[in-house]
Amino acid sequence: MDPKPFFVKNPIRNLNLSQQFAVVASGLCLAISLALVALAATSSRHMQLAQQESYGATLAQQISRRVTTALESGDLLSVKASLQHFVATSSAEEVAIFDIEGNALGRTGDILGQNPQHYSAPVTIEGDVAGEVIITISVDNALAAHRRFVFTLAGLAILLSLAAYGAALHLGQRFSSRLARLANSIALEGEDDSTPSTGATGNEIDLLATRIDALPMDLLRARTTGASREENYQKTAVLYLQLNSLVNYVDTLDQHSLHRYTDRLHQVIYGAAGFYAGELQVVRQFGLAVYFSGSSSAGSPSFRAASCAWLVKELSRELEKQLPLSMSIGMAISQSELGVGDESDIYPGLYLQHTLDELQAICASKPPNILLAPGTCEDLDIAGRLEHQPTELRDYEMLVNFEGPYKDLLERQLRLIWKRMAELSRQ
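**Structural notes on the environment of Arg107**
Looking at the secondary structure, you find Arg107 in strand β2 (residues 104-109). Taking the C-alpha atoms as reference points, Arg107 and Val133, separated by 26 residues in sequence, lie 9.8 Å from one another. Those residues within four positions of Arg107 in sequence are excluded, and the remaining contacts are Leu83, Glu94, Val95, Ala96 and Phe98.

Pasting the structure below:
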């Protein structure tokens, strides 16, 4: 079944956030305003009817009093004259007098309005009812005035709704622009960093959710921490990095250029280590070590060390294309039964030195690929997630490639680090 018809049923859902705010705000404002207009129209109509009823009854009583004397004497001419004068001087369109039996004693005027209203009053002679006066008043003008009143209020309600639309649109644009900037700040390389037109694909919240879903969240978890003393006695994977190019540049580059070069190296290694909870330290004059220990959703310490090494290698290769300097780094990975140690317990750090010496000796041969110690190759994650081949260096094996899903995650991490480095270089 084609899912598109389901989206057609809710067109507001595909508007951007500022337009949604504006439509909802103006719709609520219009609904409330029209409810108040209906209430005002009903109330004013009731008041108007009450006033008309009172006015008509008063006029009928007034003409009743005028013709009472003439009826007592039986002077119908005087009655007719009174009726004609009353029609000429009041708003009544027609006045008629009937006797007690319903016979017309006099009638004056013509009904011209389309909405006539009749009002009556009894004619009494010496306390007895001798007849009835019926006057007819047109309420066309009153109804027209009432309609103008209602239309005026409705027009004000529409103007108020348009004002609410504009205000909500302005505020919504500020909010949606901020969400769009947040979405663009976490966009991976290859995605459009410009503020998108979300009218066809959803609003800014949908865009932000899409960008977040595209991130490798399994490998972007917060670093796990524990008691430092326990970590000192956990099995630790060590990634040793021999800075081969830096050895040649120490005596050839000026201080400023050398600082910029080492700063780029630091950004590459520190950024790659951050994805896998690696602890970076300088352990030799031209040697760095990244330590991985403890459990993590990204894999075992050895697998995380291999993943970090792959990122450093690829980032260095990309950076060499933009810099006139070489970024040659020899890398090897091994394992230690103990961790780095700390200021309260130096034994683990002393125990770790022989592993660092071995890795330094391996990297002194400047291997072109990432090397894995024999114990590292026995790790379950290493054996199941990447390919490695034997070498002639002390039973070390070189890393060849990662399995499909892990290679995809590494490439996405690579784009994230590269984007961050590009932002830092523009600052």
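**What about helix α10 (residues 347-363)?**
With 17 residues, α10 extends 25 Å from end C-alpha to end C-alpha; this agrees with the ideal 24 Å at 1.5 Å per step. The largest bend along α10 reaches roughly 30° and is located at Gln353. Of the surrounding secondary structure, the elements contacted by the buried residues of α10 are β5 (236-243), α7 (244-249), β6 (279-284), β7 (287-293), β8 (329-336) and β9 (371-372).

**A word on unusual backbone geometry**
Notably, Ala277 is not glycine yet its phi reads approximately 55°, a positive angle. Residue placement: Ala277 occurs in the loop between α8 (255-274) and β6. We classify Ala277 as partly exposed; its relative accessible area is 24%.

**Digging into the pairing of strand β11 (residues 397-402)**
In regular strands, side chains alternate between the two faces of the sheet. Note: β9 against β11, two bridges, orientation antiparallel. By the bridge assignment, Leu371 is partnered in β11 with Met398. Here strand β10 (residues 386-390) runs beside β11; their pairing, made up of five bridges, is antiparallel. Bridge pairing links Gln389 to Met398 in β11. Turn length for the β10-β11 hairpin, with the two strands adjacent in sequence and antiparallel, is six residues, and the turn residue Arg394 shows positive phi of about 50°.

**Side note on the packing of helix α4 (residues 140-185) against helix α5 (residues 204-214)**
One way to put it is that α4 packs onto α5 with a least axis distance of 9 Å and a crossing angle of 15°. With respect to their mutual orientation, α4 and α5 come out roughly parallel. For α4 against α5, the interelement crossing comes out left-handed. Across from Ser176, Leu179, Ala180, Leu182, Ala183 and Asn184 in α4, the residues of α5 making contact are Glu204, Ile205, Leu207, Leu208 and Arg211. In the contact of α4 with α5, the residues fall into seven nonpolar, two polar and two charged.

**A word on the confidence of the model for the chain**
Per-residue confidence for the chain averages 81 on the pLDDT scale, and 85% of its residues sit at or above 70. By mean pLDDT, helix α1 (residues 4-8) is the weakest element of the chain at 41, and β5 is the strongest at 93. Low confidence marks residues 1-8, where pLDDT is under 50. Its contacts with residues over four positions away, or in another chain, come to two contacts. Counting contacts from residues 195-200, a segment whose pLDDT is below 50, to residues more than four positions away or on other chains yields nine contacts.

**Topic: the packing of aromatic side chains**
The description of an aromatic ring pair rests on the distance of the ring centres and on the angle between the ring planes. Within this structure, the stated rule accounts for six aromatic pairs. Consider the rings of Trp310 and Phe402, whose centres lie 6.4 Å apart with planes at 80°: the pair is edge-to-face. One end of the pair, Trp310, is in helix α9 (residues 301-320); the other, Phe402, is in strand β11, with 92 residues separating them in the sequence. Residue Trp310 is classed as buried on the basis of its relative accessible area, which comes to 8%.

**Details of the side chain of Ser33**
Inspection of the secondary structure puts Ser33 in helix α2 (residues 17-73). Residue Ser33 is classed as buried on the basis of its relative accessible area of 10%. The residues touching Ser33, leaving out its near neighbours within four places in the chain, are Ala157 and Leu160.

Here is what the cut-offs are and how they apply
- Residues numbered from 1 in each chain as written.
- Predicted model: local features only at pLDDT ≥ 70, side-chain atom pairs only at ≥ 80, totals over all residues.
- Heavy atoms only, no water.
- Helix = DSSP H or I, 4+ residues; strand = E, 2+ residues; numbered from the N terminus.
- Contact = heavy atoms within 4.5 Å.
- Expected span 1.5 Å × (residues − 1).
- Bend = angle between axes of the 7 residues up to and from the residue.
- Buried < 20%, exposed > 50% of the residue type's maximum accessible area, 1.4 Å probe, protein only.
- Pairing = 2+ DSSP bridges.
- Axes fitted to C-alpha atoms, helices over the stretch in contact; angles between N-to-C directions.
- Parallel < 35°, antiparallel > 145°, perpendicular 65-115°, else oblique.
- Left-handed = near helix turned anticlockwise from the far one by under 90°.
- Nonpolar A, V, L, I, M, F, W, Y, C, P; charged D, E, K, R; others polar.
- pLDDT = per-residue confidence, 0-100.
- Phe/Tyr/Trp six-rings, centres within 6.5 Å; stacked < 30°, edge-to-face > 60°.

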